[in-house]
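Fold and geometry: a report
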Amino acid sequence: QVQLVESGGGLVQAGGSLRLSCAASGGTFSRYAMGWFRQAPGKEREFVATISWSGRVTSYADSVKGRFTISRDNVKNMVYLQMNSLKPEDTAVYYCAHDPQSGGTVGAWGQGTQVTVSS
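These lines cover the structure that appears in this document, whether it is placed above or below. In this text the structure is predicted, and so the values were computed from the model without any measurement.

Conventions and cut-offs
- Residues numbered from 1 in each chain as written.
- Predicted model: local features only at pLDDT ≥ 70, side-chain atom pairs only at ≥ 80, totals over all residues.
- Heavy atoms only, no water.
- Helix = DSSP H or I, 4+ residues; strand = E, 2+ residues; numbered from the N terminus.
- Rg over C-alpha atoms; globule rule 2.2 N^0.38 Å.
- Buried < 20%, exposed > 50% of the residue type's maximum accessible area, 1.4 Å probe, protein only.
- Polar contact = N/O pair within 3.5 Å; in protein donor to acceptor, adjacent residues only side chain to side chain.
- Phe/Tyr/Trp six-rings, centres within 6.5 Å; stacked < 30°, edge-to-face > 60°.
- Lys NZ or Arg CZ within 6 Å of the ring centre and 35° of its normal.
- Pairing = 2+ DSSP bridges.
- Axes fitted to C-alpha atoms, helices over the stretch in contact; angles between N-to-C directions.

**A word on the overall build of the protein chain**
Scanning the protein chain for helices and strands turns up zero helices and 11 strands. Tracing the protein chain from N to C terminus, the helices and strands come up as β-β-β-β-β-β-β-β-β-β-β. In summary, the protein chain has a C-alpha radius of gyration of 13 Å against a globular reference of 14 Å for 119 residues, a match within 12%. For the protein chain, the C-alpha atoms occupy an extent of roughly 40 × 25 × 25 Å along the three principal directions.

**Regarding the side chain of Asp90**
The topology assignment puts Asp90 in the loop between strand 8 (78-83) and strand 9 (92-98). A residue is classified by how much of its surface remains accessible, and Asp90, at 1% relative accessible area, is buried. Reaching out from Asp90, the side chain makes a polar contact with the side chain of Arg38 at a distance of 2.9 Å. Of the polar contacts made by the side chain of Asp90, one reaches the backbone nitrogen of Lys87; its length is 2.8 Å.

**So, the packing of aromatic side chains**
Evaluated as defined, the whole model comprises three aromatic pairs. Look at Phe37 and Trp109: their rings are 5.1 Å apart centre to centre, the planes differ by 80 degrees, and that puts the pair in the edge-to-face class. Of this pair, Phe37 sits in strand 4 (residues 34-39) while Trp109 sits in strand 10 (residues 108-109), and the two are 72 residues apart along the sequence. Accessibility expressed as a relative area gives 9% for Phe37, which makes it buried. We classify Trp109 as partly exposed; its relative accessible area is 35%. With centroids separated by 6.3 Å and ring planes inclined at 75 degrees, the aromatic side chains of Tyr95 and Trp109 adopt a geometry described as edge-to-face. Taken together, the positions of Tyr95 in strand 9 and Trp109 in strand 10 put the pair 14 residues apart, joining distant regions of the chain. Look at Tyr95 and you get buried, because its relative accessible area is 13%. Grouped by ring-pair contacts, the aromatic residues Phe37, Phe47, Tyr95 and Trp109 constitute a single cluster. The ring of Tyr80 is capped by Arg19, whose NZ or CZ atom sits 4.0 Å from the centre of that ring.

**Description of the sheet that holds strand 8**
Ordered in space as 1-3-8-7, the four strands form an open sheet in which the pairing is antiparallel. Bordering the open sheet on either side are strand 1 (3-7) and strand 7 (68-73), each of which pairs with just one other strand. For this sheet, the mean inter-axis angle between neighbouring strands, taken without regard to orientation, is 15 degrees. Taken together, the six bridges between strand 3 (residues 18-25) and strand 8 define a ladder with antiparallel strand orientation. Note on strand 8: the bridge partner recorded for Leu20 is Leu81.

So this is what it looks like as C-alpha coordinates:
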(Lines give C-alpha, C1' and ligand atoms only; values in the text may rest on other atoms or scores of the structure.)
Protein backbone atom coordinates (compact mmCIF):
# COMPACT_ATOMS: atom_id res chain seq x y z
CA GLN A 1 0.00 0.00 0.00
CA VAL A 2 3.03 2.27 0.13
CA GLN A 3 3.17 4.67 -2.80
CA LEU A 4 6.57 5.75 -4.07
CA VAL A 5 7.25 8.66 -6.40
CA GLU A 6 10.71 9.26 -7.84
CA SER A 7 12.06 12.56 -9.06
CA GLY A 8 15.34 14.20 -9.96
CA GLY A 9 16.21 12.37 -13.13
CA GLY A 10 17.37 14.14 -16.24
CA LEU A 11 20.13 14.58 -18.77
CA VAL A 12 23.68 15.05 -17.58
CA GLN A 13 27.14 14.94 -19.09
CA ALA A 14 29.51 12.12 -18.20
CA GLY A 15 31.34 12.99 -15.02
CA GLY A 16 28.44 15.03 -13.72
CA SER A 17 26.11 14.47 -10.81
CA LEU A 18 22.42 13.98 -10.14
CA ARG A 19 20.45 13.54 -6.95
CA LEU A 20 17.37 11.34 -7.12
CA SER A 21 14.59 11.57 -4.58
CA CYS A 22 11.87 9.13 -3.63
CA ALA A 23 8.84 10.29 -1.68
CA ALA A 24 6.86 7.65 0.21
CA SER A 25 3.25 7.89 1.30
CA GLY A 26 0.26 5.76 2.17
CA GLY A 27 1.98 3.34 4.51
CA THR A 28 4.73 2.73 7.01
CA PHE A 29 8.01 4.05 5.69
CA SER A 30 10.42 4.21 8.59
CA ARG A 31 10.11 0.54 9.59
CA TYR A 32 11.45 -0.77 6.30
CA ALA A 33 14.61 -0.87 4.31
CA MET A 34 14.56 0.99 1.02
CA GLY A 35 16.44 0.58 -2.21
CA TRP A 36 17.16 1.79 -5.69
CA PHE A 37 17.14 -0.33 -8.83
CA ARG A 38 17.63 0.60 -12.45
CA GLN A 39 16.70 -0.76 -15.85
CA ALA A 40 18.24 0.13 -19.18
CA PRO A 41 16.43 -0.58 -22.48
CA GLY A 42 16.73 -4.24 -23.39
CA LYS A 43 18.26 -5.17 -20.06
CA GLU A 44 16.99 -6.66 -16.83
CA ARG A 45 16.25 -4.51 -13.84
CA GLU A 46 19.29 -4.51 -11.59
CA PHE A 47 20.08 -3.72 -8.00
CA VAL A 48 21.79 -0.41 -7.31
CA ALA A 49 21.69 0.25 -3.57
CA THR A 50 19.80 -0.45 -0.35
CA ILE A 51 19.61 1.22 3.02
CA SER A 52 18.35 -0.18 6.31
CA TRP A 53 15.43 1.39 8.13
CA SER A 54 17.79 3.17 10.51
CA GLY A 55 20.03 4.39 7.71
CA ARG A 56 23.05 2.87 9.42
CA VAL A 57 23.61 0.00 7.00
CA THR A 58 23.95 0.43 3.25
CA SER A 59 24.89 -1.79 0.34
CA TYR A 60 25.81 -1.05 -3.25
CA ALA A 61 26.28 -2.80 -6.53
CA ASP A 62 29.93 -3.04 -7.47
CA SER A 63 29.26 -0.96 -10.56
CA VAL A 64 28.26 2.09 -8.51
CA LYS A 65 30.25 1.66 -5.31
CA GLY A 66 32.29 4.74 -4.55
CA ARG A 67 30.22 6.90 -6.90
CA PHE A 68 26.66 6.62 -5.58
CA THR A 69 25.40 7.25 -2.06
CA ILE A 70 22.01 6.20 -0.73
CA SER A 71 20.49 8.04 2.21
CA ARG A 72 17.13 8.52 3.88
CA ASP A 73 15.22 10.97 6.00
CA ASN A 74 12.58 9.20 8.05
CA VAL A 75 11.10 12.47 9.29
CA LYS A 76 10.38 13.53 5.71
CA ASN A 77 9.63 9.99 4.46
CA MET A 78 12.25 10.39 1.76
CA VAL A 79 15.06 8.32 0.33
CA TYR A 80 17.78 9.73 -1.89
CA LEU A 81 20.40 8.56 -4.32
CA GLN A 82 23.31 10.90 -4.84
CA MET A 83 25.03 9.96 -8.08
CA ASN A 84 28.49 11.33 -8.79
CA SER A 85 30.98 10.69 -11.56
CA LEU A 86 28.19 9.51 -13.82
CA LYS A 87 29.01 7.33 -16.80
CA PRO A 88 27.03 6.66 -19.98
CA GLU A 89 26.45 3.11 -18.76
CA ASP A 90 24.50 4.57 -15.83
CA THR A 91 21.78 5.56 -18.29
CA ALA A 92 18.57 3.84 -17.19
CA VAL A 93 15.22 4.31 -15.58
CA TYR A 94 15.81 4.40 -11.84
CA TYR A 95 13.21 2.89 -9.55
CA CYS A 96 12.69 3.35 -5.85
CA ALA A 97 11.84 0.16 -3.95
CA HIS A 98 10.13 -0.39 -0.62
CA ASP A 99 11.28 -3.35 1.48
CA PRO A 100 13.77 -4.92 -0.93
CA GLN A 101 14.59 -8.52 -0.10
CA SER A 102 17.79 -10.44 -0.61
CA GLY A 103 15.98 -12.80 -2.95
CA GLY A 104 15.26 -9.95 -5.33
CA THR A 105 11.65 -9.20 -4.43
CA VAL A 106 10.37 -5.85 -3.21
CA GLY A 107 7.25 -4.72 -1.41
CA ALA A 108 6.47 -1.88 -3.78
CA TRP A 109 7.97 -0.03 -6.76
CA GLY A 110 7.90 3.55 -7.79
CA GLN A 111 7.15 4.51 -11.39
CA GLY A 112 10.74 5.39 -12.14
CA THR A 113 12.69 8.43 -13.23
CA GLN A 114 14.84 8.58 -16.36
CA VAL A 115 18.55 9.24 -16.03
CA THR A 116 20.47 9.84 -19.24
CA VAL A 117 24.23 10.33 -19.23
CA SER A 118 25.79 11.62 -22.42
CA SER A 119 29.35 10.98 -23.53
